[in-house]
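# Structural features, examined
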Amino acid sequence: RRIYDNIRKSIQFLLSSNLSEVVALFLATVWNFKLFSPIHILWINLVTDTFPAISLGMEKAEKDIMDKPPRSSDEGIFANGLGAKVIYQGTIIAILTIISFILGKKSSHIEGMTMAFLTLSMCEIFHSLNLRSSTKSIFALGTHNRFLVLAMALSFVLTMMVIYVPGLNTIFELTALSWTKLLTAIGISAIIIPIVEIEKLISRSISNKRS
């Protein structure tokens, strides 16, 4: 059960993250502006997506995992609303990314791209915390995933490097952000946590009423 749950968590994380990129790029194309370069998407897929996804596969079993009824043998991997969660979470991350771009673009296009890049990267890092459990609040799990913490820290450091290291940021078509813009982008990214927490709370309330 633990292995199956962790596979679902990793799949949900990867699909919602990749969907957010697709939606954000689609909106950018419709509105005729350059949001990301190919190297940005490649970096996010190789770094920000990979490390947390692997770490979610090492998540400990939830305390009540054996209290749940056995799943049906013909139950699909997208059962219990997983597909809907992937769609809405990916869309929310894309919207937050576009908002960050618009705020940064007021100064220059490259700052808009950098803020969008940072927001998308940090959103995925924060979202990996959400997916430690599909139903429980991350503040009530009572367990720790040191692999995920290390993956988040590594992804954050590497992301900061491509933004702030001279020469490297030129290759990535990014620019160093002021503290205000840096904190703004990170703050926008963190919004994904309360949004998913509210969704989990509503889902638990509906489930309790049905029970």
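As a reminder, the structure under discussion sits directly above these lines.
Residues numbered from 1 in each chain as written. Predicted model: local features only at pLDDT ≥ 70, side-chain atom pairs only at ≥ 80, totals over all residues. Heavy atoms only, no water.

## Notes on the overall build of the protein chain
The condition is simple: Under the DSSP-based scheme used, a helix requires at least four consecutive residues in state H or I and a strand at least two consecutive residues in state E, with every element numbered from the N terminus. Within these notes, the globule rule equals 2.2 Å times the number of residues to the 0.38 power, and the radius of gyration is based on C-alpha atoms. The buried label goes to any residue with under 20% of its type's maximum accessible area, the exposed label to any with over 50%, and the partly exposed label to all in between, with areas taken from a 1.4 Å probe on protein chains only. Residues scored as charged are limited to Lys and Arg (positive) and Asp and Glu (negative), so that His and the chain ends carry no count. Note that the charge is assigned to NZ on lysines, CZ on arginines, CG on aspartates and CD on glutamates.
Of the regular secondary structure elements, the protein chain holds nine helices and zero strands. Each helix and strand of the protein chain, placed in order from N terminus to C terminus, yields the pattern α-α-α-α-α-α-α-α-α. Relative to the 2.2 N^0.38 estimate, which gives 17 Å for 211 residues, the radius of gyration of the protein chain is 18 Å and therefore close to what a compact globule would have. Along the longest, intermediate and shortest principal axes, the C-alpha atoms of the protein chain span 55 × 35 × 30 Å. Every one of the 211 residues in the protein chain was classed for burial, and the buried ones make up 45%. Positive and negative side-chain charges in the protein chain, numbering 20 and 14 respectively, have mean positions lying 4 Å apart.

## Quick notes on helix α2 (residues 38-48)
An α-helix turns once every 3.6 residues. As a result, residues three or four positions apart point the same way. The line we're drawing: To obtain the arc, one takes the directions from the helix axis to the C-beta atoms. We call two residues in contact whenever any of their non-hydrogen atoms come within 4.5 Å of each other.
Residues His40, Ile41, Trp43, Ile44, Val47 and Thr48 constitute the buried set of α2. Projected onto a plane normal to the axis of α2, the buried residues spread over an arc of 160 degrees and lie on a single side. Looking at α2, the residues exposed on the side facing more than 90 degrees away from the buried face are Pro38 and Leu46. Here the buried face of α2 lies against α1 (2-30), α3 (50-56), α5 (109-130) and α6 (146-164).

## Quick look at helix α9 (residues 192-210)
Cut-off, in case you're wondering: Helix span, expected: 1.5 Å multiplied by one less than the number of residues in the helix.
Its 19 residues place the ends of α9 27 Å apart at the C-alpha level, agreeing with the 27 Å of an ideal helix rising 1.5 Å per residue. Residues of α9 that are buried include every one of Ile192, Ile193, Val196, Glu197, Glu199 and Lys200, and no others. Seen end-on, α9 carries its buried residues on one side only, within an arc spanning 160 degrees. Set apart from the buried face of α9 by more than 90 degrees, the exposed residues are Ile198 and Lys209. Each element contacted by the buried residues of α9 is listed here: α4 (82-105), α5 and α8 (179-190).

## Concerning unusual backbone geometry
If a residue is not glycine, its phi is most likely negative; likewise, a peptide bond is most likely trans. With a phi close to 60 degrees, Asn32 is a non-glycine residue in the positive phi region. With phi around 60 degrees, Glu173 is a residue other than glycine that occupies positive phi space. According to the relative accessible area criterion, Glu173 is partly exposed, its value standing at 35%.

Functional significance is not addressed by these values, which are geometric in nature.
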